[in-house]
Amino acid sequence: MTETWDTIADWYAERVRTGSAMHEFARDVLLDGLPADLRGQRILDLGCGEGLITRALAIRGGSVVGIDPSRRMIGHARATEQPSTTGARYAVDDGGSWPQSRLAVWSG
């Protein structure tokens, strides 16, 4: 699957960057269910793609790490982070190596 995402990463990131109504709607629906102030919260965004949600969570004050198995998607996430730093961090990972003890489930 990683090869597939790497293949379309440039196209996908461009769609999100230039304003994708579908992605903006999904982001807004997710964020509406979370507190506006995430200071003090450690958040792991699994499958972060180009980082749309990761950045939004960091802007709300969360200490956020976005991971994705696609190197190209993480490259886009890091590049987007450069001009206006939110503090989000990114890593290439499939999430399979993260120990359960480091993960927390949001229960709202």
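Now for a description of the structure that goes with this document. (Residues numbered from 1 in each chain as written. Predicted model: local features only at pLDDT ≥ 70, side-chain atom pairs only at ≥ 80, totals over all residues. Heavy atoms only, no water.)

In contact at an axis separation of 10 Å, helix α2 (residues 21–32) and helix α3 (residues 52–59) are set at 40° when each is read in the N-to-C sense. Here α2 lies oblique to α3, going by the angle between them. The element α2 and its partner α3 pack so that their crossing is right-handed. For the pair formed by α2 and α3, the contact residues are H23, R27, L30 and L31 on the first element and L52, I53, A56 and L57 on the second. Of the residues contributing to the contact of α2 with α3, the split by class is six nonpolar, one polar and one charged. (Axes fitted to C-alpha atoms, helices over the stretch in contact; angles between N-to-C directions. Helix = DSSP H or I, 4+ residues; strand = E, 2+ residues; numbered from the N terminus. Parallel < 35°, antiparallel > 145°, perpendicular 65-115°, else oblique. Left-handed = near helix turned anticlockwise from the far one by under 90°. Contact = heavy atoms within 4.5 Å. Nonpolar A, V, L, I, M, F, W, Y, C, P; charged D, E, K, R; others polar.)

On to the nonpolar core. Grouped together as the largest cluster of nonpolar side chains are twelve residues: L31, L38, C48, I53, A56, L57, A58, V64, I74, A77, A88 and Y90. Put simply, the parts of the chain that give this core at least two residues each are α3 and α4 (71–81). With near-sequence residues (within four places) excluded, V64 lies in contact with I43, T54, L57, A58, G87, A88 and R89. With five residues, the next largest nonpolar core counts A9, Y12, L52 and M73 among its residues. (Core = buried A, V, L, I, M, F, W, Y, C linked by side-chain atoms within 4.5 Å. Buried < 20%, exposed > 50% of the residue type's maximum accessible area, 1.4 Å probe, protein only.)

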